[in-house]
There are 2 protein chains.
Amino acid sequence: MSVAPNLLANAVRALSMDAVQAANSGHPGMPMGMADVATQLFAHYLKYDPKAPKWADRDRFVLSAGHGSMLIYALLHLTGYERPTIEDIRNFRQLGSPCAGHPENFELAGIEATTGPLGSGLATAVGMAIAERHLNAEFGDDLVDHRTWVIAGDGCLMEGVNHEAVGLAGHLKLGRLIVLWDDNRITIDGPTSLSTSEDVLARYAASGWQTLSCDGHDPADIARALEEAQADPRPSIVACKTIIGFGAPNKQGTSATHGSPLGHDEVAATRQVLNWMNEAFDLPQEVVEGWGKAGVRGKAVREAWEARLAASPHRAEFERRMVGDLPESFSLDAHLADLIANPQKVATRRASELALEAINAQLPETIGGSADLTGSNNTKTKSLKPLTAEDYSGRYIYYGIREFGMAAAMNGMALHGGVIPYGGTFLVFSDYCRPAIRLSALQRARVVYVMTHDSIGLGEDGPTHQPIEHLMSLRVMPNLDVYRPADVVETAECWALALEKKDGPSLLALSRQNLPQLRDNADENLSAKGAYRLRAAKAERKVILIASGSEVEIALGVADALEAEGVGADVVSMPCWSRFDAQPRAYRDEILPDVPSDQILRVSIEAGTTMGWERYTTPHGLRFGIDGFGASAPAPMLYDHFGLTAQKIAPKVLAALKGN
Amino acid sequence: MSVAPNLLANAVRALSMDAVQAANSGHPGMPMGMADVATQLFAHYLKYDPKAPKWADRDRFVLSAGHGSMLIYALLHLTGYERPTIEDIRNFRQLGSPCAGHPENFELAGIEATTGPLGSGLATAVGMAIAERHLNAEFGDDLVDHRTWVIAGDGCLMEGVNHEAVGLAGHLKLGRLIVLWDDNRITIDGPTSLSTSEDVLARYAASGWQTLSCDGHDPADIARALEEAQADPRPSIVACKTIIGFGAPNKQGTSATHGSPLGHDEVAATRQVLNWMNEAFDLPQEVVEGWGKAGVRGKAVREAWEARLAASPHRAEFERRMVGDLPESFSLDAHLADLIANPQKVATRRASELALEAINAQLPETIGGSADLTGSNNTKTKSLKPLTAEDYSGRYIYYGIREFGMAAAMNGMALHGGVIPYGGTFLVFSDYCRPAIRLSALQRARVVYVMTHDSIGLGEDGPTHQPIEHLMSLRVMPNLDVYRPADVVETAECWALALEKKDGPSLLALSRQNLPQLRDNADENLSAKGAYRLRAAKAERKVILIASGSEVEIALGVADALEAEGVGADVVSMPCWSRFDAQPRAYRDEILPDVPSDQILRVSIEAGTTMGWERYTTPHGLRFGIDGFGASAPAPMLYDHFGLTAQKIAPKVLAALKGN
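In this text, all values refer to a predicted model and were calculated from it rather than measured experimentally. (Residues numbered from 1 in each chain as written. Chains lettered and ligands numbered in written order. Predicted model: local features only at pLDDT ≥ 70, side-chain atom pairs only at ≥ 80, totals over all residues. Heavy atoms only, no water.)

**Considerations on the pairing of strand β9 (residues 366-370) of chain A**
On a regular strand, each side chain points to the face opposite its neighbour's, so the side chains alternate between the two faces of the sheet. Residues and elements named next belong to chain A. For clarity, the threshold we go by: With a 1.4 Å probe rolled over the protein chains alone, any residue whose accessible area is under 20% of its type maximum counts as buried; one over 50% counts as exposed, and the rest are partly exposed. Each helix is a run of DSSP H or I of at least 4 residues and each strand a run of E of at least 2, with the numbering of both proceeding from the N terminus. One requirement defines pairing of two strands: DSSP has to find at least two bridges between them.
Counting buried residues in β9 gives 5 out of 5 residues, a clear majority hidden from the surface. Here β9 shows a buried face lined by Thr366, Gly368 and Ser370 and a second buried face lined by Ile367 and Gly369. The pairing of β9 with strand β11 (residues 420-426) spans 3 bridges and is parallel. Looking at β11, one finds that serine 370 is bridged to glycine 424. In this sheet, strand β10 (residues 396-398) lies alongside β9 in parallel orientation, the contact comprising 3 bridges. Bridge pairing in β10 links glycine 368 to tyrosine 396.

This is how it looks when you write it as structure tokens:
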């Protein structure tokens, strides 16, 4: 490299401060502070090729401190990615620009993960590093041999999920994971001493990490640290001692540079300090050339890899895996046929295990796991052996009591590609991993959440463990398909749908308690429509009963009681709201005819909050559910206590009909 | 104590294994493993009086490993609390028994916190320890001088929130906090080596804790460790080396004892090992007497404290604070009158700050804070100085980037009593602290969540920071009042309501952007009704527009446009769903008359998910909102982009009217 490193770094600084100033919004402090470190990384260490940004064996880079988004936008532009263009950067944070406020993986190649919610990026990177080692174990060094790099700030390290991520990475000895900590001792509120006294490196060391430090503004010292990080078999954290907003003469080193434009005067003063005399967004030719050289570093490496891939006997399978297509032969039909032939009365968590036996045997790409509830979530099928530091080829991860860390790692695996992660916990603890579930949805990551013990049906563990509001609170999350199957057949159907959805997460809410098999036919995946008529009224239809999961059985009992009184009642099983809402109007009207409630009364039954069910019952329908917290008792007593039995519901429906 | 310690401990073991066996459900392993440690604590160290369980200066004991609930039920019974009776324990986990599956603070005196969701108890205890030191600084050693003790398991320590709690406690040097870690190397999935390689004590030391170990089955060694823990000015963790299920000859030391009854044979075998020949629930007289002596230890201490309180000039104020009553003189009327006289166009986050200026000046019990967003959440009023390790009398806590830890600590403060905590973060990060918000609601803790940047109105930070589903997902949580005020007047009203609610949490969703003052009269707290008619239709009423927060202004614009077309439109401001739903039917019908949509069309406008609004609009009404993720751009452009402007909404309402 003939161009001085600090000139390259100053290009990052200039683009960052100028873009933030132009937008009058953004975070200049981090990009300016970490410019020297990032320049070393992108100019000398990171394995990537801007002309083939999705190359499977590239290093993964995650900007966990996502507010410093201009850092990655500047680097992608300077190293020669097709986007962002300089025009994109001029439009930083404007509608339609791929240079959004925080980096978004679906906007730009080169953005490996959507970041911003603090701590999540680093925890996601752990999953990428797991996927890399696992695929390496499957496909060998020739095809899979790369690193995962993270830039993280103090916020990423203070968040609770950091503890989970660090513990998991240390336990699994993910030596290909390197975290570059922007150790600038500043957070939004001021110096870190306001809120923490932690010896961060000692904590990382306690979980088996290599801990390093460097002067984050000294290229040689940065290089030394990166070399040491690469050489060690442990995951590494490098405390990069930096000055936030480096170069801004009056504001650097203070929280004033964190989340606001520097201001025109300070930008001008910074130009003087950096000796950067070009206009905003105008790059000196030597900078363009210097960064251009850095950007082509990976081309030969990538081409050599492509040659190896072309010659590999694993090529077809590797490419299928990385694209994320299921094998053409994949099917659950045999499993379903077996269920129809031999009906099963099992909990849907057990039904999920049965489906997984069929799935895991056909899909080598699945990686299961649980946050220390393996036996309860039924996530481990017989053939899966553990993925451990000693054997990365395993396909089952004991995540420990780390729900958020598990979910974030699953995001990383899905984003890395080549694997399809699923993981379990209790539905009530979806709250613990909710920030990562949201990022699954936002990042369009194929992650399957296996959430068991989905209602008061779990019984004696009581209100802390009984989800009430969780189903509804998850249904409102965009791009998340929430499934609550009613029996063993629907469970298999929902699993098939979850696997087929390449561009987003699915969540299966499963019962602890046994449920009868309700379906005697599986010729069509009826769950795919979100809701369907499980049983049609025999007498003249006056009622439509709508239920999900374990309450479908109750709805059938209510229908029996109503029919005995000469009142016809459809029973609609509704395993997935979002799929039903996506059906054509004609289908929805067929299932739920648009007639006044005095002609057909709509009734919902679900052992959770009733708020939200007005969507299908209308406010004039009836909603049976639970709007307070649960209680501790055997499950059948709780169903009776909360009035969720056919014996208690049917009379109320009849009374409502008479009232009309 | 004349009775051998192990006999006392065996009483805990016997009650635990017998109650779990009788219920055929529960967790015997932890109580049997930690019985010796807990016996030392309750027999010699913990300051409490079973006959005055709410005595303000008692030590607080939190069973963070809440699944081991039989431990605390046994201890409360044995030491002489009025409840649980032996009959209550016989009915462990049955409907109506106060001995629920997990300990619930509202069921039994002596249960200081509802626990079970792992990690939360310890993080809650941090808040109790903060409240203790703060009140000590205010009221002196004579009135406030106690400790907070925690029993925690491996799960509590692996959860992310543990990192946040440990960091906060270490930073604040909470030397009165002592954690007894049930270091049994077993989790549900098996040995801890399946999922973690962490040196736990090294991690705690990295945050400034004293770290100790003891043989958890050796009374003398336990006593030594507890003495050392008490003597040190730092918070302490004691690794109590225990055997899970201690005494069960064939199952101890394995995960088989964690969450299932031992089984009749193993229970019988354990009786032999423990030399415990009494029938289930039958206690030997020497045990009753031995534990009885332990239980009266605190009586004299409590009486001496009561004498000091009686003589204290601070008595009335201290008692008011601990009961949780607001001062009789407390009022925001002057603040509201000032707003009516001098209208303010401010963001509701700023409106919250203005209200807090009036509140904090009148209520010495408020303790504010933010998870590193002080300047954005507007949570720090001018007079509040920081609460620090050097000065616990401060009333503002820099929580750091620890949303979950903050929320859990606030729960602990509220449960401790004497203070009213409020704390801020961005609404989108309510996901990070959602498990603790749920526990605020379940535990009936008066915590006020100040959640700013409550919609796309935050602008350029983009979809990672723009709450879409959060309002709705919080509204479905039982016992949580979610407020979204529309202007500076409503904000003050909502604050008053939040403070008046002694038995549960409130959450204020506040705008980043400025909003005009809409109210010109504050004679009545209209927000108390949850929704009210802000402006009545001028022309014949054909439409009711319902909106919250920043969208009320838009609704007024829509109403203007409709009235200009001769279409009468009410505008209803709905700051709080749960309060509206609690109004008498007559009031609700007055605001939202129960007439078909072809007579009056109901329209909701809210910059978040529309799912759920059918509750008020009916499915036949219109719902304007955002059902996908947001975008990165200046706020006004986003409102236009997502169709949330009067110019875009009014024509759609008119079209719908014509369609009728």
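**Some details on the environment of threonine 187 of chain B**
Formally: Here, two residues are considered to be in contact whenever any of their heavy atoms come within 4.5 Å of each other. Polar contact is defined as a pair of N or O atoms within 3.5 Å, subject to the rule that within protein one atom must be able to donate a hydrogen and the other to accept it, and that residues adjacent in sequence are counted only when both atoms are side-chain atoms.
Structurally, threonine 187 of chain B can be placed in strand β4 (residues 186-187). Residue classification places threonine 187 of chain B among the buried positions, given a relative accessible area of 5%. The sequence separation of threonine 187 of chain B and tyrosine 616 of chain B amounts to 429 residues, and the corresponding C-alpha distance is 47 Å. If sequence neighbours within four positions are ignored, threonine 187 of chain B has contacts with Asp372 and Ile401 of chain A together with Asp154, Thr192 and Ser255 of chain B. Separated by 2.7 Å, the side chains of threonine 187 of chain B and aspartate 372 of chain A make a polar contact.

**Structural notes on empty space enclosed by the protein**
To keep things clear, this is the line we draw: Cavity: a set of points on a 1 Å grid over the protein atoms alone where a 1.4 Å probe fits but cannot get out. Pocket: an open set with protein on both sides within 12 Å along at least five of seven lines, its lining residues, like those of a cavity, having an atom within 4 Å of a point. Grid points are joined across faces, edges and corners, and a volume is the space filled by probe spheres set on the points. Gly counts as polar in this scheme, as do all residues outside two lists: the nonpolar Ala, Val, Leu, Ile, Met, Phe, Trp, Tyr, Cys and Pro, and the charged Asp, Glu, Lys and Arg.
Applying the stated criterion across every chain yields a total of 9 cavities of 30 Å³ or more. Approximately 120 Å³ is the volume attributed to the largest cavity. In terms of lining, the largest cavity is formed by 16 residues, of which the most central are Val161 and Phe404 of chain A together with Glu164, Phe404 and Tyr432 of chain B. Listing elements by their share of the lining of the largest cavity, those giving two or more residues are α7 (160-171) and α18 (430-443) of chain A together with α7 (160-171) and α17 (403-416) of chain B. Taken together, the residues of the lining of the largest cavity break down into 7 nonpolar, 2 polar and 7 charged. In this structure, the second largest cavity encloses a volume near 100 Å³. Lining the second largest cavity are 15 residues; nearest its centre among them are Tyr48, Asp59, Tyr81, Gly110 and Glu112 of chain B. Of all the secondary structure elements, the ones that give two or more residues to the lining of the second largest cavity are β1 (60-63) and α3 (69-79) of chain B.

**Looking at the sheet that holds strand β3 (residues 177-183) of chain A**
Residues and elements named next belong to chain A. Heads up, the rule is: Think of each axis as a best-fit line through the C-alpha atoms, taken over the contacting stretch in the case of a helix, with angles from 0 to 180 degrees between the N-to-C directions.
Here 5 strands make up an open sheet; going across it, the order is β1-β2-β3-β7-β6 and the pairing parallel. Edge positions in the sheet fall to β1 (60-63) and β6 (210-215), since each of these pairs with one other strand and no more. On average, adjacent strands in this sheet sit at an angle of 20 degrees to one another, irrespective of strand direction. Relative to strand β7 (residues 236-241), β3 runs parallel, the two being bridged by 6 bridges. Residue pairing in the sheet places isoleucine 178 in a bridge with serine 236 of β7. On top of the sheet, helix α9 (residues 219-231) reaches β2 (148-152), β3, β6 and β7; it is set at about 170 degrees to β6, its chief contact.

**A word on the relation of the copies chain A and chain B**
There are two copies of the chain, and a rotation about an axis plus a shift along that axis relates them. The line we're drawing: Each copy is superposed on the other by least squares, with the fit set by C-alpha atoms of residues at a pLDDT of at least 70 in both.
Of the transformation superimposing chain A on chain B, the axial component is 0.0 Å and the angular component is 180 degrees, with the fit at an RMSD of 0.0 Å. Within this description, the copies of the chain are treated as partners about a two-fold rotation axis. Most of the interface of chain A is mirrored in chain B, where 100% of its interface residues are also at the interface.

**Here's the deal with helix α3 (residues 69-79) of chain A**
All names here are of chain A. Where burial is concerned, most of α3 is hidden: 10 out of the 11 residues are buried. Elements in contact with the buried residues of α3: α1 (5-23), α2 (29-45), β1, α4 (86-90), β2 and α11 (285-296). Count one or two residues on from α3 and you reach glycine 80, which has phi positive near 105 degrees.

**Concerning the UniProt feature "binding site: substrate" (unreviewed entry) in chain A**
Formally: UniProt positions are given in the numbering used here, feature names are shortened, and annotations may be inferred rather than shown by experiment.
As annotated by UniProt and renumbered to match this structure, "binding site: substrate" (unreviewed entry) occupies His27, His258, Arg349, Ser376, His453, Asp461, His465 and Arg512 of chain A. The annotated residues occupy 486 residues of the chain and do not converge on a single region, their most distant C-alpha atoms lying 47.8 Å apart. Looking at the element boundaries, arginine 349 of chain A is found in helix α15 (residues 348-362). With a relative accessible area of 16%, arginine 349 of chain A lands in the buried category. With residues up to four places along the chain from it excluded, the contact list for arginine 349 of chain A reads Gly375, Ser376, Asn377, Asn378, Thr452, His453, Leu510, Ser511 and Arg512 of chain A. Relative to the helices and strands, aspartate 461 of chain A is located in the loop between β12 (448-452) and α19 (470-475). Accessibility expressed as a relative area gives 15% for aspartate 461 of chain A, which makes it buried. Not counting residues within four places of it along the chain, the set of residues in contact with aspartate 461 of chain A comprises His27, Arg93, Gly101 and His102 of chain B.

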